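Overview (structure and organization)
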Number of protein chains: 2
Amino acid sequence: MLSEFLLAEMNRLGVQDALPLHRQLYEAMRRAMLDGKLAAGERLPSSRDLAQDLGLSRNTVVAAINQLGVEGYLVSRVGSGTYVNDNVPQINSARRARGGLRTLPTLAPARLSRRGEALAGSFCASELEVQPFTPGIADFSAFPLALWQRLQNKHWRMTYPDMLDYATAGGYAPLRRAIADYLRVFRSVQLDADQVIVTSGTQQSLELCARLLADHGDTVWVEDPAYWGAVKAFMATGLHLHPVPVDEQGIRPGASDDAHPPRLIYVTPSHQYPTGSVMSLPRRHQLLQTARTHNAWVLEDDYDSEYRFSGPPISSLEGLDTDGRVLYMGTFSKVLYPGIKLGYLVVPKSLVESFRQAHYDLNRPGQMPLQAALAEFIEMGHFSSALRRARQGYAERRQLLLESLRPLLGDADGPFISGADQGLHLCLRLPAGTDDRALAQRIGQQGLTVRPVSAYCLQRQDLRGLVIGYGYAPLAEIARCGRLLTDTVIRAGASR
Amino acid sequence: MLSEFLLAEMNRLGVQDALPLHRQLYEAMRRAMLDGKLAAGERLPSSRDLAQDLGLSRNTVVAAINQLGVEGYLVSRVGSGTYVNDNVPQINSARRARGGLRTLPTLAPARLSRRGEALAGSFCASELEVQPFTPGIADFSAFPLALWQRLQNKHWRMTYPDMLDYATAGGYAPLRRAIADYLRVFRSVQLDADQVIVTSGTQQSLELCARLLADHGDTVWVEDPAYWGAVKAFMATGLHLHPVPVDEQGIRPGASDDAHPPRLIYVTPSHQYPTGSVMSLPRRHQLLQTARTHNAWVLEDDYDSEYRFSGPPISSLEGLDTDGRVLYMGTFSKVLYPGIKLGYLVVPKSLVESFRQAHYDLNRPGQMPLQAALAEFIEMGHFSSALRRARQGYAERRQLLLESLRPLLGDADGPFISGADQGLHLCLRLPAGTDDRALAQRIGQQGLTVRPVSAYCLQRQDLRGLVIGYGYAPLAEIARCGRLLTDTVIRAGASR
C-alpha cells in the first residue's frame with residue numbers, strides 16, 4: 001500500500017534527519033516514485049485522502065505535492081487530478097532492472113586520478129597529534145588575545161565593499177606595507193610593498209610559484225630530506241621532483257644534480273627542515289650561482305627565521321640576490337596564531353603584476369578584516385614584541401631540552417644534535433643502523449610525538465634521527481618529557 | 001674614499017627605509033663589498049677610526065661589524081684586525097665584469113611558464129569594480145555584525161591546540177555537522193556530516209576535485225558560456241576544457257560532445273553563470289545519465305541556490321544521484337559576508353578519506369576560530385534567518401530593476417531577459433549583432449558595472465548580452481541606475 005510505504009519511509013526519515021513533516025513526505029513520495037511504488041502516469045490519491053490516510057494536515061500534503069510538481073515529478077491536469085510525470089519511469093526502469101534503489105551498488109568511477117592517489121597517500125600527516133615535542137606546533141598561550149579581538153572587531157565593523165575591489169589584488173595594501181617594513185628591517189629583504197603578495201600560507205605561496213613559473217613536468221630541486229608540505233605542493237602542481245642532499249651547511253648540489261637542470265630550486269635556508277642546518281653564507285652564494293647557471297628561480301622558504309638563539313641572523317638569499325631570481329616566503333599562522341592563516345610571498349618586480357592577477361583570479365579576495373587587523377597589529381609593534389617575548393620562552397625550553405638529552409651524547413659514533421641554533425625544533429641524529437620509525441613509535445606510546453628523520457628522506461638512506469619540537473611542550477613539563485624520551489632511546493638500544 | 005661611500009649610502013638608506021643607524025651601516029658596508037669598494041682580503045679600518053670618520057658612536061659601528069662577521073663577510077684575526085672574507089670576491093668579480101651592481105640588468109628568467117602566461121592573462125577580473133550592478137557582489141549591510149563579533153570573540157578565546165589535530169582534517173567537526181543539517185533540509189542533499197569538506201571557497205573546492213579526480217590532460221566539460229573562476233581553476237590544474245553549449249534549460253550535450261569523453265562535468269544548475277538558466281528536471285536526469293555513460297564525475301556548483309524568487313527550489317543533482325558520482329559545492333563568502341572566506345564540498349562516501357587527507361596535506365589546518373564561530377552561527381539559526389531577510393531585500397531590488405528595464409523589451413527580435421527567477425543577477429540578452437563589450441564599457445562610463453555575456457563565451461559566437469547584478473545596488477538607487485542603463489542601451493542603438 002502506498003500510504004504504508006510512505007509512513008514507513010517518513011518514520012525512518014523523521015528519526016534520522018529531523019526534517020519538517022512536509023519535507024519528510026516529499027522525500028517519501030520521491031522515493032516511492034524512484035522505487036516504482038508510484039509508476040509513471042499513475043494518478044495520485046487526492047490530497048484530502050492522502051492527508052487522512054497518513055494522519056497529516058492537508059497543508060502538509062499540499063506543500064509536498066506542490067514541491068514535487070515544481071520539480072516536474074508530478075503534473076496536474078485540471079479537473080482530473082495529479083499524476084506521476086512521464087519523465088520519471090526512465091530512471092525508474094533503469095533502476096529496477098538493476099534491482100531497486102536501496103541495493104544498488106555504487107556506479108561512480110571508483111578510482112581517484114593517478115595524481116589523486118599520490119596526493120591522498122599518507123606522508124606523515126595522519127600521524128599528527130598535538131602532544132609535547134610535536135614539530136611544527138608552537139605555544140600560542142602568550143598571544144595577546146584581548147588586543148587582537150579589539151583590532152579584529154574594529155575591522156569587522158568597517159565598510160566592506162571597497163575591500164573587494166581589484167585594488168586589493170595581492171592583499172590588503174596596509175598589510176602589504178606592514179610586511180614589507182618588517183622584512184626590510186628584520187630580514188634584510190630588499191623590497192617595495194607592492195612586491196608582497198598576501199597568501200593563505202606557505203602552501204599557497206608554493207603552489208602559486210609552481211604554477212606561474214614552471215610547467216607540468218618541469219624539474220624542481222628539493223632538499224633531501226625535505227619538508228613534506230612543499231613536496232605535496234610540487235606534486236600537486238605536476239612538477240618532477242629532483243632530491244638534492246643536504247649537509248650541515250644546507251643544500252649541496254653536485255655534478256650529478258646538474259644533469260637534471262631545475263626550473264625551480266626550493267630551499268629552507270634559515271633552518272633546514274627537518275635537519276635544522278643553517279645555510280652558510282658561502283653556500284648561499286654558491287646556490288645563487290648555480291641558479292644563475294641553470295637560469296632557475298629560487299624559492300626561499302624562510303620559516304623559523306624569527307627564532308635564532310645565537311647571534312644575529314644571516315642575510316636572506318633574497319637579500320644577496322642581484323638578479324631578481326629569488327622568491328621569498330614566510331607565514332604568520334605558525335609564528336603568531338594558527339587562526340591567522342596568512343602568509344606572504346615576495347616576488348621580484350618583474351613578476352608583480354602577473355602574480356597579483358593570477359592570485360586574485362585563482363583565490364578571489366576575502367578575509368580582508370583579518371588582513372586589516374593583522375596590518376594594524378604589526379604596525380603598532382605588537383608583532384615584533386610578541387616575537388621577542390616568544391623568543392625568550394623558547395630559549396628556556398630549548399635549554400631544558402638540550403640538558404635532558406645530554407645523557408645520550410658524548411660517544412663519537414653515537415647520537416648527536418643538529419639544528420639547535422635556530423627555530424623551534426632540533427634533530428637528534430642517530431647511528432645509520434637505527435630504526436628511527438620504530439623508535440618514534442615507541443616514544444609515541446609514552447605520549448610524546450616526535451618524527452623519524454627517515455620519513456622525510458626522498459632518496460637517501462643514510463640519515464636516521466628524531467625531529468623534536470620544543471615550541472609547544474609546556475615549560476614545566478619539558479625536562480620530565482625530555483628525560484622520558486632519553487630513557488626510551490637508551491632502553492631501545494639506539495644510543496650507540 | 002670608503003667613509004664617503006658609506007656615508008652617501010647610509011644617507012640614501014636612511015631617507016628611503018628609516019632603518020636604525022647600525023642597520024644602515026651594515027647595508028652600506030655590505031654594498032661596499034659587493035661593489036668592490038672593499039675587496040676580498042682587505043683590512044678594515046678599526047672600529048674606533050670608522051666611528052670617528054662617520055660621526056657615529058662606536059657601538060653602532062661594532063654592531064654592524066659583528067653582524068657582518070656572523071654572516072661571514074668579515075673575519076677577525078686576533079691582534080691583527082678585521083678583514084673582508086675571501087669568499088666575497090667571487091661574487092664581486094663576477095659582478096664587476098658586468099659593470100657593477102647598480103646598473104646590472106636583471107638576469108632572472110624573464111618568462112613565466114606557459115601555464116603561468118595563461119593564468120596571469122586577464123579574463124575580466126581586472127575590470128572588477130565595486131559599483132551598482134557588479135555581478136557577484138552582494139549587500140552585506142544587513143549582516144548581524146555585533147552578534148558575529150560576539151561569537152568570533154568567544155571562539156578566539158577557546159583553547160586552541162586541539163583544533164590543529166588531524167581530527168580537524170576536512171574542517172571543524174561542528175561546522176561540518178551544521179552544514180550537513182542545512183543542506184539536508186534546504187537542498188535535499190543526502191549526506192552525513194563526514195562527507196562535508198570545509199574549504200576556503202569554490203575555487204579551492206574545484207581545484208581539490210580536479211586534482212584528486214582527474215589527471216593532467218584529462219577532459220572537463222564546462223558550460224559555454226562559463227563561470228571564469230571555474231575555467232581558471234581547471235586551467236590551473238592542467239585539464240583540457242571542452243565547452244558544451246547552454247540553453248534555457250541548462251547544459252545540453254550533443255553527439256559531437258560525446259566525441260570528447262569527459263572525466264569531469266562542471267555545471268551551475270541552480271542559476272547558470274552567466275545566462276541564469278535553471279536546469280530543468282528532465283535535463284538533470286539526462287545529465288546524470290550522460291555522466292553514467294561516460295563514467296564521469298559531476299561537479300555541481302550550487303551557487304545562488306539560496307535565492308529563488310518563484311516557488312520552491314528544484315532538487316539538487318546530488319539529491320537525484322544514485323550512483324555517488326556527484327560532488328556538491330557552495331560558499332558562504334558570497335552569501336553571508338566576504339570576510340567569512342569559507343565554502344563547502346560534499347563528496348560521496350567512497351571519497352571521504354582521500355579528500356580529507358589530501359585537503360589537510362595541501363592546505364594545512366587553520367582559521368578554526370572562524371569555522372567555530374560560523375558553526376555556532378548556523379546552529380543558532382542565524383544563517384537561515386539572515387538568508388530569509390536578505391531574500392526579501394533582493395526580491396524588492398529585482399522587481400525595481402525589472403521595471404526599469406521594461407522599456408527595452410517587447411520587440412520580438414529585440415532584447416529579452418533571462419535568468420531572473422533565481423540568484424542575484426539577471427541577463428539582458430541582446431540581438432546577435434550587438435557589440436556587448438563596447439556597450440558594457442559605455443555603461444561603465446556612467447558609473448555602473450555590468451559584464452558583457454560574450455566575455456564568458458569560450459567557443460560560441462551567438463550570445464550577446466549584459467550580466468546585471470542586483471545584489472549590491474542600493475535599494476534607493478536601483479530604479480535610477482536601471483533607467484540610466486536603459487537609456488544608455490537605447491542611445492547605443494542596441495535595443496533592436
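Let me begin by describing the structure that accompanies this report. Since the structure is predicted, the reported quantities are computational estimates derived from the model, not experimental observations. (Residues numbered from 1 in each chain as written. Chains lettered and ligands numbered in written order. Predicted model: local features only at pLDDT ≥ 70, side-chain atom pairs only at ≥ 80, totals over all residues. Heavy atoms only, no water.)

It is worth spelling out the overall build of chain A at this point. A count of helices and strands for chain A gives 18 helices and 14 strands. A burial count over chain A gives 65% of its 496 residues as buried. Pairs at least 24 residues apart make up 73% of the contacts formed inside chain A by residues separated by at least 6 positions. Of the roughly 18100 Å² that chain A leaves accessible, carbon and sulfur atoms contribute 50%. (Helix = DSSP H or I, 4+ residues; strand = E, 2+ residues; numbered from the N terminus. Buried < 20%, exposed > 50% of the residue type's maximum accessible area, 1.4 Å probe, protein only. Contact = heavy atoms within 4.5 Å. Areas by Shrake-Rupley, 256 points an atom, 1.4 Å probe, with all protein chains shown as cover.)

Our focus in this paragraph is helix α16 (residues 382–405) of chain B. Residue and element names in this part refer to chain B. Here α16 spans 34 Å end to end across 24 residues, near enough to the 34 Å set by a 1.5 Å rise per residue. By the burial criterion, the buried members of α16 are F383, S385, A386, L387, A390, Y394, R397, R398, L401, L402, S404 and L405. Among the structural elements, α8 (173–186), α15 (368–379), β11 (416–418), β12 (425–429), β14 (465–469) and α18 (475–491) are those in contact with the buried residues of α16. (Expected span 1.5 Å × (residues − 1).)

Each strand in a sheet pairs with its neighbour through backbone hydrogen bonds, running either in the same direction (parallel) or in the opposite one (antiparallel). All names here are of chain A. Judged by pairing direction, the sheet is mixed, and its eight strands sit side by side in the order β3-β10-β9-β8-β7-β4-β5-β6 without closing on themselves. Looking along the sheet, the strands with just one partner apiece sit at the ends: β3 (196–199) and β6 (250–251). Looking at chain direction, strand β8 (residues 297–301) and strand β9 (residues 326–331) are connected through four bridges and run parallel. Residue pairing across strands places V298 opposite V326, the latter belonging to β9. Strands in contact with helix α9 (residues 202–213) are β3, β7 (264–267), β8, β9 and β10 (343–346); relative to β9, the strand with the most contacts, it is inclined by about 160°. (Pairing = 2+ DSSP bridges. Axes fitted to C-alpha atoms, helices over the stretch in contact; angles between N-to-C directions.)

Moving on, we come to helix α14 (residues 352–363) of chain B. Residues and elements named next belong to chain B. With twelve residues, α14 should reach 16 Å at 1.5 Å per residue; the first-to-last C-alpha distance of 16 Å fits that figure. Summarising burial for α14: eleven of the twelve residues are buried, a large majority. Within the span of α14, buried status applies to V352, S354, F355, R356, Q357, A358, H359, Y360, D361, L362 and N363. R364 sits one or two positions beyond α14 and adopts a positive phi of about 55°.

One pass over the full model with this rule turns up 34 salt bridges over all chains. The shortest N-O distance in the salt bridge between D323 of chain B and R325 of chain B comes to 2.9 Å. Assessed through its relative accessible area of 2%, D323 of chain B is described here as buried. Judged by its relative accessible area of 1%, R325 of chain B is buried. Across the pair D361 of chain B and R364 of chain B runs a salt bridge, and its minimum N-O distance is 3.8 Å. Look at D361 of chain B and you get buried, because its relative accessible area is 0%. For R364 of chain B, a relative accessible area of 19% translates into the label buried. Residues joined by salt bridges that share partners form a network here, namely D192, D194 and K349 of chain A. (Salt bridge = Lys/Arg side-chain N within 4 Å of Asp/Glu carboxyl O.)

Here the focus is the packing of helix α16 (residues 382–405) of chain A against helix α18 (residues 475–491) of chain A. Residue and element names in this part refer to chain A. One way to put it is that α16 packs onto α18 with a least axis distance of 8 Å and a crossing angle of 25°. Judged by the inter-axis angle, α16 sits roughly parallel to α18. Considering the relative orientation of α16 and α18, their crossing is right-handed. Residues E396, R397, L400, L401, S404 and L405 of α16 touch α18, and the partners they reach there are L475, I478, A479, G482, R483, L485 and T486. Here the residues of the contact of α16 with α18 are counted per class, giving seven nonpolar, three polar and three charged. (Parallel < 35°, antiparallel > 145°, perpendicular 65-115°, else oblique. Left-handed = near helix turned anticlockwise from the far one by under 90°. Nonpolar A, V, L, I, M, F, W, Y, C, P; charged D, E, K, R; others polar.)

What follows deals with unusual backbone geometry. Looking along the chain, the bond that leaves D224 of chain A and enters P225 of chain A is cis, with omega of 5°. Looking at where P225 of chain A falls in the secondary structure, it is placed in the loop between β4 (219–224) and α10 (228–236). Residues Y273 of chain B and P274 of chain B are joined by a peptide bond in cis, for which omega reads 5°. When you line up the elements, P274 of chain B lands in the loop between β7 (264–267) and α12 (281–294). Phi is positive for F133 of chain A, which is not a glycine, with a value near 80°. Residue placement: F133 of chain A occurs in the loop between α6 (114–120) and α7 (145–157). Judged by relative accessible area, which is 0%, F133 of chain A ranks as buried. Phi angles above zero are rare outside glycine, and N295 of chain A is one such case at about 50°. For N295 of chain A, a relative accessible area of 37% translates into the label partly exposed.

Residues and elements named next belong to chain A. Within this structure, the stated rule accounts for 37 aromatic pairs over all chains. Seen in terms of ring centroids, Y182 and F383 are 5.1 Å apart; in terms of plane orientation they differ by 65°. Their pairing is edge-to-face. Of this pair, Y182 sits in helix α8 (residues 173–186) while F383 sits in helix α16; the two residues are 201 residues apart in sequence, bridging distant segments of the chain. Taking relative accessible area as the criterion, Y182 reaches 9% and is therefore assigned buried. (Phe/Tyr/Trp six-rings, centres within 6.5 Å; stacked < 30°, edge-to-face > 60°.)

Below, the discussion takes up the environment of D139 of chain B. Residues and elements named next belong to chain B. In this structure, D139 sits in the loop between α6 (114–120) and α7 (145–157). Here the alpha-carbon distance between D139 and L54, two residues 85 residues apart in the chain, equals 60 Å. What D139 contacts, discounting residues up to four positions off in sequence, is Y394, R397, G471 and Y472.

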